[in-house]
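What the coordinates show
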Amino acid sequence: ENSFRDVNIAFANELSMISDNLNIDVWELIKLANRHPRVNILQPGPGVGGHCIAVDPWFIVSAAPDESKIIRTAREVNLSKTDWAVQQILSTVSARPDATIACMGLSYKPDIDDLRESPALAIYETLKARHPGDVLAVEPHLASTETRPLVPIDDALHQAEVLVFLVSHKAFKGLSREQLQAQTVLDLCGVFQ
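The sections below set out a description of the structure shown in this document.

Rules behind the numbers
- Residues numbered from 1 in each chain as written.
- Predicted model: local features only at pLDDT ≥ 70, side-chain atom pairs only at ≥ 80, totals over all residues.
- Heavy atoms only, no water.
- Phe/Tyr/Trp six-rings, centres within 6.5 Å; stacked < 30°, edge-to-face > 60°.
- Buried < 20%, exposed > 50% of the residue type's maximum accessible area, 1.4 Å probe, protein only.
- Helix = DSSP H or I, 4+ residues; strand = E, 2+ residues; numbered from the N terminus.
- Salt bridge = Lys/Arg side-chain N within 4 Å of Asp/Glu carboxyl O.

The next thing to look at is the packing of aromatic side chains. Under the defined criterion, the tally for this structure stands at 2 aromatic pairs. When the centroid spacing of 5.6 Å and the interplanar angle of 75 degrees are considered together, the rings of Phe165 and Phe172 count as edge-to-face. Residue classification places Phe165 among the buried positions, given a relative accessible area of 0%. Where Phe165 meets Phe192, the ring centres are 5.1 Å apart and the plane angle is 85 degrees; that geometry is what we call edge-to-face. In this pair, Phe165 sits in strand S3 (residues 162-165) while Phe192 sits in the segment after strand S4 (184-187), placing the two residues 27 residues apart along the sequence. On the accessibility criterion, Phe192 (17% relative accessible area) is buried. Aromatic ring contacts, followed pair by pair, group Phe165, Phe172 and Phe192 into a single cluster.

The structure is reproduced here in structure tokens:
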């Protein structure tokens, strides 16, 4: 089940990277393709996390490396999507090295507090290491700690010039376009679809 799901997610993630390269709205493309009764393309995101889907396919690859080409490729696509997301963000702020970036969501999927294998957390940590400006973390399902300080949504809206939506939390879906007018918005998980 987990390997099958990983392959399906990889298709959506790869389609989003292709669409970006060709200046196609991936969300509209998926919506149109899913009108076919036998098509159900999943929603792309910044990668795949969690203790199951991000891990279990490797057991099959390890047991049968020569035969598991699609399963291995799916894992590689989903891992590369996280690196691709980082590059998109850094490219967006390249002309503004002092811009404050807010990473909206750290968990591995919407509306949970689980950070295991989270691509959003990996993106946040990479940006902290590579971006010279401030990088804020917003995770409404976790409490702030000394080692991982979090900011509330409203603070991020006032402090950040760039908002990067990494997890499609319900708390983010309630934001209006008017609240986001002052910022550059990168929606990598379909919050506004």
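Structure shown, so let's carry the discussion forward.
Following the criterion strictly, the structure yields 3 salt bridges and no others. We note a salt bridge from Arg75 to Asp6, for which the minimum N-O separation is 2.7 Å. With Arg75 in helix H4 (residues 69-92) and Asp6 in helix H1 (residues 2-21), this residue pair connects regions lying 69 residues apart in the sequence. The exposure classification of Arg75 matches that of Asp6, with both residues buried. Across the salt bridge formed by Arg148 and Glu125, the nearest N and O atoms sit 4.0 Å from each other. Of this pair, Arg148 sits in the loop between strand S2 (135-138) and helix H6 (153-159) while Glu125 sits in helix H5 (residues 119-130); the two residues are 23 residues apart in sequence, bridging distant segments of the chain. Given the relative accessible area of 25%, Arg148 is considered partly exposed. Of the residues examined, Glu125 reaches a relative accessible area of 42% and is grouped as partly exposed.

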